[in-house]
Amino acid sequence: MYIKKIEIKNFRNYHFLKTAFHKNVNLILGNNAQGKTNLLEGIYITSIGRSFRTNKDSDLVHFDEDFAKISISAEKEIYDTSVEIIIKKDSKKSIKKDGVVVKRTSDLLDNIFIVVFSPEDLKIVKDEPEKRRKFIDRELCQMKPSYYESLHNYKKILLQRNAYLKEETIDQRILDLWDMQLVKYGARIIQMRKIFIEKINSISRVIHNSITNEKEQLKITYCPNIPVLDNVNEQENIFYDEIKNAYGNDMKQRTTTRGPHKDDISFIVNEINMRNFGSQGQQRTCALSLKLAELYLIKEETGEDAILLLDDVMSELDIERQEYLIKTLKDNQLFITTTDLDKKLLDAFPEAKILYIENGTIKEKNR
Ligand code: ATP
Ligand code: MG
């Protein structure tokens, strides 16, 4: 799959931009604060309907304007697609897929597959569990609209249950209504996370082995807050039991203490937990294996080569890792941002399109 064309209006520091992309490599160059990451963000939003940097849509609209618009057209294995997103500062965003209005965000998903890799992602191994949960959620939402639905409902009910736990008097019957809903969606989330992490684990093991010249064996494991059982029904039952057992704690802390909102994943290399004991280089290599595993998994599940956004990440990797990446990603469309055009990078991609960004405008450059 690849994005053929994009048109942007009033998005971040862009007033207007219209360009075509190369089906393989697009190098996005420019000094700091010119709009390189903003362009990636504009591309990304057409995949899951939201940014990878902010949850606040209004931030995406140019400071001086009321609305922003992004349209792209992409070529896919089976059929081509187009997406148009209009973000208004003071009302809900509107989305069209293939010219048809998308009523629920879940109807946008499972269409354009994009993986972002930024210096922030290089820290995924050592960061807080929340970052790792975000990673799982983002990737699963992209591939499975049913996961998005369950997650959306779970989060909504969790907020309401937490608010209810803060009330002075608690009616057990009302709490039980929240609990049954929470358990229903939570069990689905746990089951889908389990399968996803097992798949990511088996793919990343092979990649990691290859990147490290067989010196390191990576194991990615699910660390669920609720024990994982074999099917959704059993999962609902155990979650229900656990939430009832946690009632005393929940009341003390006035919040929901058990559930998949407390899950984590761990990265074990040669039996050692990388979060606490990995060197910075090892942690980064794990992150790289994870990201590449995501691309393979998308291919396996959807038949599509996902688009990869590499934001400032090349310069953070050593030459060996850079070369591995370049050699592995022959079939994917890449968007690579960088402040200085490294000759090696240019030579690695003789066909690449070079887009030079200056203060929210784009110039196509010859090499
Ligand atoms: P770096 O190399 O430092 O990562 P960059 O080229 O990736 O730089 P961007 O993150 O794309 O830079 O941001 C470019 C500029 O866009 C920033 O100076 C930022 O203040 C500006 N900007 C962000 N949001 C908006 C907005 N809503 N309206 C106008 N300008 C914005
Ligand atoms: Mg940037």
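Residues numbered from 1 in each chain as written. Chains lettered and ligands numbered in written order. Predicted model: local features only at pLDDT ≥ 70, side-chain atom pairs only at ≥ 80, totals over all residues. Heavy atoms only, no water.

**Student:** Got a sec to walk through the site of ligand 1? Specific residues and values, please.
**Tutor:** The immediate surroundings of ligand 1 are formed by 17 residues, with Asn32, Ala33, Lys36, Thr37 and Val61 found nearest. In the model, a nitrogen atom of ligand 1 is placed 3.2 Å from a nitrogen or oxygen of the Arg12 main chain. Gly35 places a polar main-chain atom, nitrogen or oxygen, 2.9 Å from an oxygen atom of ligand 1. The protein chains hide 76% of the 660 Å² of surface that ligand 1 would expose on its own. Here the shell around ligand 1 is composed, by residue class, of three nonpolar, nine polar and five charged. (Near = heavy atom within 4 Å. Polar contact = N/O pair within 3.5 Å; in protein donor to acceptor, adjacent residues only side chain to side chain. Areas by Shrake-Rupley, 256 points an atom, 1.4 Å probe, with all protein chains shown as cover. Nonpolar A, V, L, I, M, F, W, Y, C, P; charged D, E, K, R; others polar.)

**Student:** Which residues make up the packing of aromatic side chains, and what values go with them?
**Tutor:** Summed over the entire model, instances satisfying the criterion amount to three aromatic pairs. Centre to centre, the rings of Phe21 and Phe335 are 4.7 Å apart; their planes meet at 85°, and the pair counts as edge-to-face. Residue Phe21 is found in the loop between strand E2 (16-20) and strand E3 (25-29), and its partner Phe335 is found in strand E13 (residues 334-338); the two are separated by 314 residues along the sequence. Like Phe335, Phe21 is buried. Note on Phe135 and Phe196: the rings are 6.2 Å apart at their centroids and 45° apart in plane angle, and the pair reads as tilted. Linking Phe135 in helix H3 (residues 129-143) with Phe196 in helix H5 (residues 172-211), this pair joins segments that are 61 residues apart in sequence. Exposure class is identical for Phe135 and Phe196. Each is buried. (Phe/Tyr/Trp six-rings, centres within 6.5 Å; stacked < 30°, edge-to-face > 60°. Helix = DSSP H or I, 4+ residues; strand = E, 2+ residues; numbered from the N terminus. Buried < 20%, exposed > 50% of the residue type's maximum accessible area, 1.4 Å probe, protein only.)

**Student:** I'd like a rundown of the nonpolar core, residues and numbers included.
**Tutor:** The biggest cluster of nonpolar side chains holds 107 residues, and the ones touching the most others in it are Ile43, Phe196, Phe267, Leu292, Leu309 and Ile336. Looking at which element gives the most residues to this core, the answer is H5, with twelve residues. What Phe267 contacts, discounting residues up to four positions off in sequence, is Val125, Arg132, Leu218, Lys219, Ile220, Ile272, Asn273, Met274, Cys286 and Leu290. Formed by five residues, the second largest nonpolar core is a distinct cluster that contains Leu165, Ile170, Leu175 and Met251. (Core = buried A, V, L, I, M, F, W, Y, C linked by side-chain atoms within 4.5 Å. Contact = heavy atoms within 4.5 Å.)

**Student:** Quick rundown of the sheet that holds strand E7 (residues 100-102)? Include the residues and the values.
**Tutor:** Spatially, E2-E1-E4-E5-E6-E7 is the arrangement adopted by the six strands of the open sheet, whose pairing is antiparallel. Of all strands in the sheet, those with a lone pairing partner are E2 and E7, marking the two edges. Direction aside, neighbouring strands of the sheet carry axes that sit 20° apart on average. The sheet contact formed by strand E4 (residues 67-75) and strand E5 (residues 81-88) spans eight bridges and is antiparallel. (Pairing = 2+ DSSP bridges. Axes fitted to C-alpha atoms, helices over the stretch in contact; angles between N-to-C directions.)

**Student:** Lay out unusual backbone geometry with the relevant residues and their values.
**Tutor:** For Asn213, which is not a glycine, the phi torsion comes out positive at approximately 50°. Position of Asn213 among the secondary structure elements: in the loop between H5 and strand E9 (218-223). By relative accessible area, which is 52% here, Asn213 ends up exposed. Of note, the phi angle at Glu214 is positive, near 65°, even though the residue is not glycine.

**Student:** Talk me through the environment of Gln333; I want residue IDs and the actual numbers.
**Tutor:** Secondary-structure assignment places Gln333 in the loop between helix H10 (319-328) and E13. Residue Gln333 is classed as buried on the basis of its relative accessible area of 0%. From its side chain, Gln333 meets the backbone oxygen of His22 in a polar contact 2.8 Å long.

**Student:** Go over the packing of H5 against helix H6 (residues 232-245), please, and point to the residues and values.
**Tutor:** Pairs of packed helices are described in terms of their axes, by the angle between the two and the distance that separates them. Direction vectors running N to C along H5 and H6 enclose 130°, while the axes themselves pass 8 Å from each other. In this view, H5 runs oblique relative to H6, as classed from their interaxial angle. Relative to H6, the crossing made by H5 is right-handed. Residues Asp176, Asp179, Met180, Leu182, Val183, Lys184, Gly186, Ala187, Arg188, Ile190 and Gln191 of H5 touch H6, and the partners they reach there are Val232, Gln235, Glu236, Phe239, Tyr240, Ile243 and Lys244. When grouped by side-chain class, the residues that make up the contact of H5 with H6 number nine nonpolar, three polar and six charged. (Parallel < 35°, antiparallel > 145°, perpendicular 65-115°, else oblique. Left-handed = near helix turned anticlockwise from the far one by under 90°.)

**Student:** Could you give an account of the pairing of E13, with specific residues and numbers?
**Tutor:** The buried fraction of E13 amounts to five of the five residues, a majority that puts the element mostly inside the structure. Covered by surrounding structure in E13 are Leu334, Ile336 and Thr338 together with Phe335 and Thr337, the residues of both alternating faces. By the bridge criterion, five bridges tie E3 to E13 in an arrangement that is parallel. By the bridge assignment for E13, Ile28 is matched with Thr337.

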